[in-house]
Amino acid sequence: MRPHAGGVLMPVLLFVSVALLVLSRLDHGYIAGARVAIADAVSPVLRTIMIPLEPLRSAGAAIGLALERADDLDHLANENQRLKGWEARAKDLERQLSELGAVAKTARDQDMPFVTARVMATSSGPFVRSAIINAGEIEKLKSGYPVLAGDGLAARVAAVGRGVSRVLLITDVESRIPVFVGQQAARAILAGDNGPAPRLLFLAPDATVKAGDEVVTSGIGGIYPRGLRIGTVAGGSERPTVSVHADLDRLEYVSILFYEPGTGDVPPLEQRLQPAGAEVAK
Amino acid sequence: MTSIAGRLMPAVTVAILAVLAVLPWGLPPNARFVLPFLPVIAIYTWSGRHPDRLSAWVPFTAGIVVDVLTNGPIGYWALLYLGSMMLGVDAQRMSGTGSAQRWVVFLASLAGLVFAAWGVASIYHLGLADWRPFAWALWITALCYPPLAFVLRALDPEPFRASNDRLVRGV
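Now for a description of the structure that goes with this document. (Residues numbered from 1 in each chain as written. Chains lettered and ligands numbered in written order. Predicted model: local features only at pLDDT ≥ 70, side-chain atom pairs only at ≥ 80, totals over all residues. Heavy atoms only, no water.)

On to the pairing of strand E7 (residues 186-191) of chain A. Residues and elements named next belong to chain A. Bridge analysis of strand E6 (residues 176-181) against E7 gives 6 bridges, and the strand direction is antiparallel. Of the residues in E7, the one forming a bridge with Val179 is Ala188. As consecutive antiparallel partners, E6 and E7 are separated by 4 residues, and within that stretch Gly182 has a phi angle of approximately 70 degrees, a positive value. Pairing of E7 with strand E8 (residues 199-201), which is carried by 3 bridges, proceeds in the antiparallel orientation. Across the sheet, Leu190 pairs through a bridge with Leu200, a residue of E8. (Pairing = 2+ DSSP bridges. Helix = DSSP H or I, 4+ residues; strand = E, 2+ residues; numbered from the N terminus.)

Structure (structure tokens):
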């Protein structure tokens, strides 16, 4: 007799899978809720499994990083020489800024509270660029909070569960961030396309953008605070892209800023409710 | 009579590979796309060797978990894992006993599955999906099959018995 795969259960589950796919495509509310609920339920298993696998995972990441960076050594040595020159210049500018600030009585940027969370799972393939982190409602996270990794903006919180959250990376095709580009602070929109380097859209025709220009959040729209570093301009001036500072392929720990979207400028620290467990970024 | 280990081994190995597929390994997203294909090898192998011990619920649940944790469309990997189960059962009838024959049949099944995966992704996006991560996943999964299938066979407490075994008179 021919063996059968799953019997009558197989067509039923195939139908359910297709139905879920359609609901997913329609972005049904039940699907979003189910995602967070399932992620919450599975997170203890993931946390447990990550402990014994940590040495293996770290070794794999280190080998991958070493292979990738071996080619960059010469480039880094040259860049280090150049940056040493900039260091002296930066110190001089910092001193001047301090003196000018004292004369003008301007307020310094306020410190912002944050929590640090671990990345538990990452997306793959052609669909989305996102990650699951092990912090949620318990840590007082909310949708929309900016997420930093290492040296720059990496994502924003998209959905919050009890102990886990889903963050949407800035390279995701649905990510749109108002930014300033270069010393002229030219306005643009940083748009993800699921590739490694998001694009700069809606640059003013008279804006001069060149490779290496810094890209920071503009704060326009109130989704992100102003001045978060994102990356530097890469690619040609006709189709500029941004090389992001955060290493999005190797996210391990991220910091989530307690910044309420739509509040405009960040209020002074002492006027904000300090969430339990939050640290203060210095 | 099948032992408890024999009954649980297929589900356990599929579950382990599904969880490993979503952990952050530090790979670029397109390279990472091969990881959810590793449970395909386990589902294909077990459904060929012991179709009665792998309930359709196992690939379905594993697929849903992978879908949720990779934040992909829910139902995508569940559909592909169920497809690999059907291919595994069918391929078992065609495969010979040699490793090379099994690998060739798996490669043909996998090519069909990856093409279906690309097709579903394209329909989902209402546009042609980038074929490169799928091509990458095809070749890496094909290369992973021999060692992973070897390990799975070694983990099988009750060796595979061909479905056309002849009945023999007892003594």
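Here the narrative resumes.
On to the packing of helix H3 (residues 38-49) of chain B against helix H6 (residues 99-125) of chain B. Residue and element names in this part refer to chain B. Axis separation between H3 and H6 bottoms out at 12 Å; the angle between their running directions is 125 degrees. Judged by the angle between their axes, H3 and H6 are oblique. Considering how the two elements wind past one another, H3 and H6 form a crossing that is right-handed. Contact residues: H3 offers Val40, Ile41 and Tyr44, while H6 offers Val105, Phe106, Ser109, Leu110 and Leu113. (Axes fitted to C-alpha atoms, helices over the stretch in contact; angles between N-to-C directions. Parallel < 35°, antiparallel > 145°, perpendicular 65-115°, else oblique. Left-handed = near helix turned anticlockwise from the far one by under 90°. Contact = heavy atoms within 4.5 Å.)

A separate point is the pattern of salt bridges. In total, this model carries 10 salt bridges over all chains according to the counting rule given. Residue A:Asp193 pairs with A:Arg199 through a salt bridge whose shortest N-O separation is 3.8 Å. Residue class for A:Asp193 comes out partly exposed when judged on its relative accessible area of 30%. Among the ionic pairs, B:Asp130 bridges to B:Arg132, the shortest N-O distance being 3.1 Å. With relative accessibility at 54%, the residue B:Arg132 sits in the exposed group. Each of the salt bridges in this network shares a partner with another, and the network as a whole consists of B:Arg49, B:Arg53 and B:Asp156. (Salt bridge = Lys/Arg side-chain N within 4 Å of Asp/Glu carboxyl O. Buried < 20%, exposed > 50% of the residue type's maximum accessible area, 1.4 Å probe, protein only.)

A few words now on the layout of surface pockets. Considering only enclosed or pocket space, the largest pocket measures out at about 1700 Å³ in volume. Around the largest pocket, the lining is made up of 50 residues, and of these A:Glu214, A:Thr232, A:Ser243, A:Val244 and A:His245 lie nearest the centre. Among the secondary structure elements, those contributing two or more residues to the lining of the largest pocket are helix H2 (29-70), helix H3 (73-104), E6, strand E9 (214-217), strand E10 (229-234) and strand E11 (241-244) of chain A together with helix H2 (29-32) of chain B. Ranked by residues supplied to the lining of the largest pocket, first place goes to H3(A) with 7 residues. Looking at side-chain class alone, the lining of the largest pocket contains 20 nonpolar, 13 polar and 17 charged residues. (1 Å grid on protein atoms, 1.4 Å probe; cavity = no way out; pocket = protein on both sides within 12 Å on 5 of 7 lines; lining within 4 Å. Points joined across faces, edges and corners; volume = space filled by probe spheres on them. Nonpolar A, V, L, I, M, F, W, Y, C, P; charged D, E, K, R; others polar.)

Let us look at unusual backbone geometry. Within the chain, A:Asn194 stands out as a residue other than glycine whose phi angle is a positive 70 degrees. Tracing the chain through its elements places A:Asn194 in the loop between E7 and E8. Here A:Asn194 falls in the buried class, since its relative accessible area comes to 15%. In this structure, B:Leu126 is a non-glycine residue whose phi angle is positive, near 55 degrees. Checked against the element boundaries, B:Leu126 lands in the loop between H6 and helix H7 (132-155). With a relative accessible area of 70%, B:Leu126 lands in the exposed category.

Turning to empty space enclosed by the protein, a few remarks are in order. Applying the stated criterion to the full structure yields 3 cavities of 30 Å³ or more. Lining the largest cavity are A:Arg57, A:Ala61, A:Thr122, A:Leu248, A:Asp249, A:Arg250, A:Leu251, A:Glu252, B:Pro24, B:Trp25, B:Gly26 and B:Arg32. Roughly 50 Å³ of volume is contained in the second largest cavity. What lines the second largest cavity is simply A:Arg35, A:Val36, A:Ala39, A:Ile132, A:Val164, A:Ser165, A:Arg166 and B:Val68. Looking at the lining of the second largest cavity, the elements with two or more residues in it are H2 and strand E5 (165-169) of chain A. For the lining of the second largest cavity, the class distribution of residues is 5 nonpolar, 1 polar and 2 charged.

With that out of the way, let us pick up the nonpolar core. Grouped together as the largest cluster of nonpolar side chains are 72 residues, with contacts concentrated most on A:Leu46, B:Phe37, B:Leu69 and B:Tyr76. The greatest single-element share of this core, amounting to 9 residues, is contributed by helix H5 (residues 76-94) of chain B. (Core = buried A, V, L, I, M, F, W, Y, C linked by side-chain atoms within 4.5 Å.)

Before going further, it helps to spend a moment on the packing of helix H1 (residues 9-25) of chain A against helix H4 (residues 57-69) of chain B. Running from N to C, H1(A) and H4(B) point in directions that differ by 15 degrees, and their axes come no closer than 10 Å. In this view, H1(A) runs roughly parallel relative to H4(B), as classed from their interaxial angle. The two elements H1(A) and H4(B) meet at a crossing, and its hand is left-handed. In contact with A:Leu9, A:Leu13, A:Val16, A:Ser17 and A:Leu20 of H1(A), H4(B) contributes B:Trp57, B:Phe60 and B:Ile64. Residues of the contact of H1(A) with H4(B), tallied by class, amount to 7 nonpolar, 1 polar and no charged.

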